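# Coordinates in review
The primary structure of each chain is shown beneath.
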Amino acid sequence: MSRYRLTVDTGGTFSDFVVFDEETGAYRILKVPSTPDDPGRAVLNGLDVLQEQGVEPEAIVFFSHGTTVATNALLQERGARVGLVITAGFGGIYETMEQSRPYGPAVFDLR
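The notes below deal with the structure included here. This is a predicted model, so every value here is computed, not measured.

Let us look at the overall build of the chain. The helix and strand tally for the chain stands at two helices and four strands. Reading the helices (α) and strands (β) of the chain from amino to carboxyl end gives β-β-β-α-β-α. Across the 111 residues in the chain, those meeting the buried criterion constitute 20%. If you take every contact in the chain between residues at least 6 apart in sequence, the share linking residues at least 24 apart comes to 46%. Carbon and sulfur atoms make up 55% of the accessible area of the chain, which totals about 8300 Å².

In structure tokens:
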């Protein structure tokens, strides 16, 4: 029965779903309107649509969720001001890599 891999990206306008059918090798793409007041609701709405299309929840063997909502908040300079304080030599800093941009104020300044 298990056969689908599902990934979801919740964005500011749409939430994007990509479903991979392990049996057939086919992909299907679905967009549903985002729900900014509760992004999880858009995920549930998309799962309902997929179920109507024959993708039963119990057949999903892999689920991955990402969001551009946080990235957009950083790029648009919205949200709370935050800082990171660490002990010298601590190696557990998450690298943001591709989140940098060549214009405007620095989004991430590790110093």
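More follows now that the structure is in view.
In this fold, S64 is placed in strand β4 (residues 60-67). Expressed as a C-alpha distance, the spacing of S64 and R5, which sit 59 residues apart in the sequence, is 8.4 Å.

Moving on: the nonpolar core. In this structure, Y4, L6, V8, F17, V19, L30, V32, V43, L50, V55 and A59 together form the largest nonpolar core, which totals eleven residues. Those elements that provide at least two residues to this core are β1 (4-10), β2 (14-21), β3 (27-33) and α1 (39-52). For this core, the element with the highest residue contribution is β1, accounting for three residues.

Moving on: the pairing of β3. Direction of pairing for β2 relative to β3: antiparallel, over a ladder of seven bridges. In the strand pairing of β3, S15 is matched with V32. Two successive antiparallel strands, β2 and β3, enclose a turn made up of five residues, where G25 displays a positive phi of approximately 80°.

Rules behind the numbers
- Each chain has its residues counted from 1, running along the sequence as written.
- At least 70 in pLDDT is required for a residue's local features to be given in this predicted model, at least 80 for side-chain atom pairs to be given and counted, and no such filter applies to totals for whole chains, interfaces and linings, which use all residues.
- Side-chain measures were taken over the full set of non-hydrogen atoms in the model, leaving aside hydrogen atoms and water.
- Helix numbers and strand numbers start at the N terminus; a helix is a DSSP run of H or I with at least 4 residues, a strand a run of E with at least 2.
- Three exposure classes are used, based on accessible area relative to the maximum for each residue type with a 1.4 Å probe and protein chains only: buried under 20%, partly exposed in between, and exposed over 50%.
- Contacts are residue-level and defined by heavy atoms, with any inter-residue pair within 4.5 Å sufficient.
- Per-residue and other accessible areas follow the Shrake-Rupley method at a 1.4 Å probe size, with only the shown protein chains counted as cover for residues.
- What makes a nonpolar core is a set of buried Ala, Val, Leu, Ile, Met, Phe, Trp, Tyr and Cys residues whose side-chain atoms join them at distances within 4.5 Å.
- The pairing criterion for strands is at least two bridges between them, as found by DSSP.

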